[in-house]
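Spelled out, the chains give:
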Amino acid sequence: MIRLLGYFFGLAVALGLVGAAGVALYIGDVSKGLPDYEVLARYEPPVTTRVHAADGSLMAEFAREKRLFLPIQAVPDRVKAAFLSAEDKNFYTHPGIDPIGLVRAIVTNAQNMGTGRRPVGASTITQQVAKNFLLSSDQTYERKIKEMILSFRIERAYSKDRILELYLNEIFFGLNAYGIAGAALTYFDKSVNELTVAEAAYLAALPRGPSNYHPFRHTERAIERRNWVIEQMLENGYISGEEAEKAKDLPLGVNPRNSGSYLFAGEYFTEEVRRQLISRYGEDALYEGGLSVRSTLDPKMQLIARKALQHGLMKFDTLRGYRGPITHIEDLGQDWGKAVYEVKGLYDVPEWKVAVVLGVDETGLRIGIKPESTVSGEVDDKRVEGKVALEDMGWAMRYKAEGGKIVKAKSPAEVLKVGDAIFVEPKADAPGAYAIKQVPEIGGALVAMDPHTGRVLALAGGFSYAASEFNRATQAYRQPGSSFKPIVYAAALDNGYTPASVVLDAPIRIVQGNNVWEPKNYGGESAGPSTLRNGIERSRNLMTVRLANDMGMNLVVEYAERFGVYDKLLPYLPMALGSGETTVMRMVGAYAVMANGGKQIKPSLIDRIQDRYGKTVFRHDERGCEGCSSDHWSNQAEPELVDNAEQVLDPMTAYQITSMMEGVVTRGTAVTVSELKRPIAGKTGTTNEEKDAWFVGYTPNLVVGVYLGYDRPIPMGKGATGGGLAAPVFKEFMADALGDSTPVAFKMPEGMKRITVDRKSGMRVEPGTPGAISEAFKPGTGPADSYWVIGMDQMEGEERANAISPQANQAIKSGGGGLF
């Protein structure tokens, strides 16, 4: 018997050794193809890029996976406790696998064999890290064995905190949220530190199956799973019984965060930043690189820009009549709310509501307001009706009929009918009353910039980004018209001409080969010999052409390119009148040169870019600062920022052209801006057939450009000028942006002198003489001793005599000089 027992014992030992050898061989074979777990040390997950405004406000987030990396030290203990209780309560004590949990899973799977149920796992957090980072999600025993082997290796190589950090930053929570920080923002619009016990427990319940515990589709199941996690937290001693009961009594409280742009009215600005980031670093860096971008946007000024531009566009558009409803709903059915809910509104114009016409009579419209969405995305059951009185749709009674003809309606029924979907705006002083609105057909843009740094403070690229994503501030290339003239005059002033130089304002005929060009002033009249100041104040085309012809178009081209208006401008005379296409952004940048004393600037929407580790990879401010990084103070002088920007225009010239453009505001084509009662320089611009209307102006510390025009260039109508359309938008913006701040005068550079001259002839006169003006001259220059008219040598006989006014003749006699 003893021999027999010994025989069986030996056989069992032999079989055990053979089995162990087989297992060892199998594990050795499996281990050969395992991934390198050391890649975890170089873990760089795709992280969300965040864009902030100048004041730190979050503007936008860009990500393929909404994730923000969070060091384990920054994760609150209650959040850790929730995940440990839900996933792996023995995490800090086991060696990578949990033997008790493994036995439990084996027994359960054995019992479920043949039932068709999915095998359950006993994965620890370490095993989930091994699977998520290094293996596939295949439900096989071989993958499970690989997972265990890797878990042992990972536990030997990394600390428990590092493993938990990897887990909490990698896992998927649903709603495109990855990592605990991203999930907290996505589900509750909170930082991790703000999460309650109930919220942390719900997030801890999600990794097991986000779609199974969706907060809106499977609310009861989600609450049940959350409460189970809370009970586990209680059982493990992380919370008290009172805390557990309070947490379980709470609703889920999910408040999904909107994706995309977060700063109201900043959509055009944000999109331009996005385009620049892709151009600079590529799409992967934007959507996965975790960049931190500090933009130049001033949120308060952006709101002002949006309002001013919208008012200008709507004022122009309403005078052209009503173009009809958004769409027509054929069958309203019993519930009109569900029918109108499908009509797309403008999310960035929240003042407006989409409504459907429910009734029409002689007194106006009865309307139903589009219902709101519930948190789960369903149609709200609440229905709101309102009234559009006849006086609140008065402008719409002039409507555009078939063929484009404007017709005056006799009753509202001629304009709209039941089932028409329209835009309306609630009236603040009358609950239930609304005014009819429409999206302007005309486009426009406004850009505000700091002239000393090139920082773009506000940018409105159109009426509504939701209606049109085309950015008219940076993407629309349009003719600047007369707003380009200051560049021509600045080139002249920088090369020997003075504000008192006289140029002939009379018809001119340019012959180039078989082509004949006869430019005209706006309105068709001419004023004879006039000073450069008069020429720019009255926006004289004929004077500008003669001036450009006299100094040569190559010089004009040089200054236009130096100022950044164009990259390459052809040296043709029509270009002197702004017939070359450019953008609002470029024009504002060019005027900034004149506003800041002649220094070249680089317009920028971005102040600084940091990578995921906080290293600054781009900084717009390129000024040097010696001594700014000294280790200690040894009675040395305070460090100074050194402005190394290139001087592209003489500061004295910059002051002269600024002074002349102040005259445009006080006496010229933009006199409406003078109502602001502060020093402002600027220039209007109107192109042929009134297809484009411009105004670009500035104070010593702020330059603003405004453009209006149809996206497909067509005439806006007689009288649609820069002074009538764009300048009022500028005025409204400046009134709010500058507020009650103290007006700042433009400072004349040292060395210049003021001399009183006749506004028409440019000759020296005594102060107080009618028509006199004090003009700024550079050292060594002054009014001409003899009367000289640029362009007069091209005229002969009677033509020359007719071009000279009696005042000019008197100036010739008193000056004792000749006429040229």
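Each remark here, short or long, concerns the structure printed above.
Bear in mind that the values here come from a model prediction, so they are computed numbers and not experimental data. (Residues numbered from 1 in each chain as written. Predicted model: local features only at pLDDT ≥ 70, side-chain atom pairs only at ≥ 80, totals over all residues. Heavy atoms only, no water.)

## Re the overall build of the protein
When helices and strands are counted, the protein shows 23 helices and 27 strands. In the protein, buried positions account for 50% of the 820 residues. Counting only carbon and sulfur atoms, one obtains 51% of the accessible surface of the protein, whose full area is about 38900 Å². (Helix = DSSP H or I, 4+ residues; strand = E, 2+ residues; numbered from the N terminus. Buried < 20%, exposed > 50% of the residue type's maximum accessible area, 1.4 Å probe, protein only. Areas by Shrake-Rupley, 256 points an atom, 1.4 Å probe, with all protein chains shown as cover.)

## Focus on the pattern of salt bridges
For the structure shown, the criterion picks out 41 salt bridges. In this structure, Arg67 engages Glu170 in a salt bridge whose closest nitrogen and oxygen atoms are separated by 3.6 Å. One end of the pair, Arg67, is in the loop between β2 (58–62) and α2 (77–87); the other, Glu170, is in helix α6 (residues 160–170), with 103 residues separating them in the sequence. With respect to burial, Arg67 and Glu170 carry one shared label: buried. Close ionic contact of Glu675 with Lys731 constitutes a salt bridge, the shortest N to O distance being 2.9 Å. Here the residue Glu675 occupies a position in the loop between α20 (651–666) and β22 (681–686), and Lys731 occupies one in helix α21 (residues 722–738), the gap between them amounting to 56 residues. Within this structure, Arg50, Glu61, Asp189 and Arg257 form a network of salt bridges that share partners. (Salt bridge = Lys/Arg side-chain N within 4 Å of Asp/Glu carboxyl O.)

## Focus on the side chain of Ser483
Examined against the element boundaries, Ser483 turns out to sit in the loop between β15 (456–460) and α15 (485–493). Every residue in contact with Ser483, bar those within four places of it in the chain, is listed here: Met587, Tyr591, Lys683, Thr684, Gly685 and Trp694. (Contact = heavy atoms within 4.5 Å.)

## What to know about the sheet that holds strand β19 (residues 528–531)
Pairing in this open sheet of three strands is mixed, and the strands run β19-β16-β27 from one edge to the other. Each of the sheet's edge strands pairs with one partner strand only, and the pair in question is β19 and β27 (789–790). Where strand β16 (residues 502–505) meets β27, two bridges bridge the pair, whose relative direction is parallel. Within the sheet, the bridge partner assigned to Val502 lies in β27 and is Val789. (Pairing = 2+ DSSP bridges.)

## Re helix α17 (residues 541–551)
Think of an α-helix as 3.6 residues a turn; residues three or four steps apart then line up on the same face. The element α17 is extensively covered by neighbouring structure, given that nine of its 11 residues are classed as buried. Restricting attention to buried positions, one finds in α17 the residues Asn541, Leu542, Met543, Thr544, Val545, Arg546, Leu547, Ala548 and Met551. Looking one or two residues past α17, Gly552 carries a phi angle of roughly 100°, positive in sign.

## Focus: the nonpolar core
Grouped together as the largest cluster of nonpolar side chains are 142 residues, with contacts concentrated most on Ile487, Phe563 and Phe733. For this core, the element with the highest residue contribution is helix α19 (residues 584–595), accounting for 10 residues. Setting aside anything within four residues of it in sequence, one finds Phe563 in contact with Ile487, Ala490, Gly589, Ala590, Val593, Met594, Val648 and Leu649. One finds Leu164, Tyr167, Val192 and Val254 within the second-largest nonpolar core, a separate group that totals 55 residues. (Core = buried A, V, L, I, M, F, W, Y, C linked by side-chain atoms within 4.5 Å.)

## Notes on the packing of helix α7 (residues 179–188) against helix α8 (residues 197–205)
At a closest axis distance of 11 Å, the pairing of α7 and α8 adopts a crossing angle of 115°. Taken together, the axes of α7 and α8 lie roughly perpendicular to each other. In this structure, α7 crosses over α8, and the sense of that crossing is right-handed. Between α7 and α8, the residues in contact are Ile180, Ala183, Ala184, Tyr187 and Phe188 and Glu199, Tyr202 and Leu203, respectively. Grouping the constituent residues of the contact of α7 with α8 by class yields seven nonpolar, no polar and one charged. (Axes fitted to C-alpha atoms, helices over the stretch in contact; angles between N-to-C directions. Parallel < 35°, antiparallel > 145°, perpendicular 65-115°, else oblique. Left-handed = near helix turned anticlockwise from the far one by under 90°. Nonpolar A, V, L, I, M, F, W, Y, C, P; charged D, E, K, R; others polar.)

## Examining the packing of α8 against helix α9 (residues 219–235)
Contact pair α8 / α9: the axes reach a minimum separation of 8 Å and the direction vectors enclose 110°. As judged from the angle between their axes, α8 and α9 are roughly perpendicular. Of the residues in α9, those touching α8 at Val197, Ala198, Ala201, Tyr202, Ala204 and Ala205 are Ala222, Arg225, Arg226, Val229, Ile230 and Met233. The residue inventory of the contact of α8 with α9, partitioned by class, reads 10 nonpolar, no polar and two charged.

## Quick word on the pairing of strand β5 (residues 292–295)
Every second residue of β5 is oriented toward a common face, the buried set being Val293 and Ser295 and the non-buried set Ser292 and Arg294. Across three bridges, strand β1 (residues 49–52) lies against β5 in parallel orientation. Across the sheet, Val51 pairs through a bridge with Val293, a residue of β5. Sheet topology places β5 next to strand β20 (residues 606–610); four bridges connect them, and they run antiparallel. Residue pairing in the sheet places Ser295 in a bridge with Ile606 of β20.

## Digging into unusual backbone geometry
Positioned with a positive phi, Ser539 is a non-glycine residue whose angle comes to about 55°. Tracing the backbone through its elements, the reader meets Ser539 in the loop between α16 (532–537) and α17. Judged by its relative accessible area of 12%, Ser539 falls in the buried class. The phi dihedral of Glu689 falls on the positive side, at around 60°, and the residue is not glycine. Mapping Glu689 onto the fold places it in the loop between β22 and β23 (693–699). Judged by its relative accessible area of 48%, Glu689 falls in the partly exposed class.

## Examining the environment of Gly174
Checked against the element boundaries, Gly174 lands in strand β3 (residues 172–174). By relative accessible area, which is 5% here, Gly174 ends up buried. Sequence separation of Gly174 and His214 is 40 residues, and the distance between their C-alpha atoms is 8.1 Å.

## With respect to the side chain of Ser604
Within the secondary structure, Ser604 is located in the loop between α19 and β20. For Ser604, a relative accessible area of 8% puts it in the buried group. Not counting residues up to four positions away in its chain, the partners in contact with Ser604 are Thr296, Gly454, Arg455, Val456 and His620.

## Thoughts on the sheet that holds strand β24 (residues 702–709)
Across the sheet, which stays open at both edges, the five strands sit in the order β15-β14-β24-β23-β22 with antiparallel pairing between neighbours. Lying at the two open borders of the sheet, with one neighbouring strand each, are β15 and β22. Taking each pair of neighbouring strands and ignoring which way they run, the sheet shows an average axis angle of 5°.

## Focus: the environment of Glu425
Residue placement: Glu425 occurs in strand β12 (residues 420–426). The class for Glu425 is partly exposed, based on a relative accessible area of 24%. Sequence separation between Glu425 and Ala435 is 10 residues; the distance between their C-alpha atoms is 5.3 Å.

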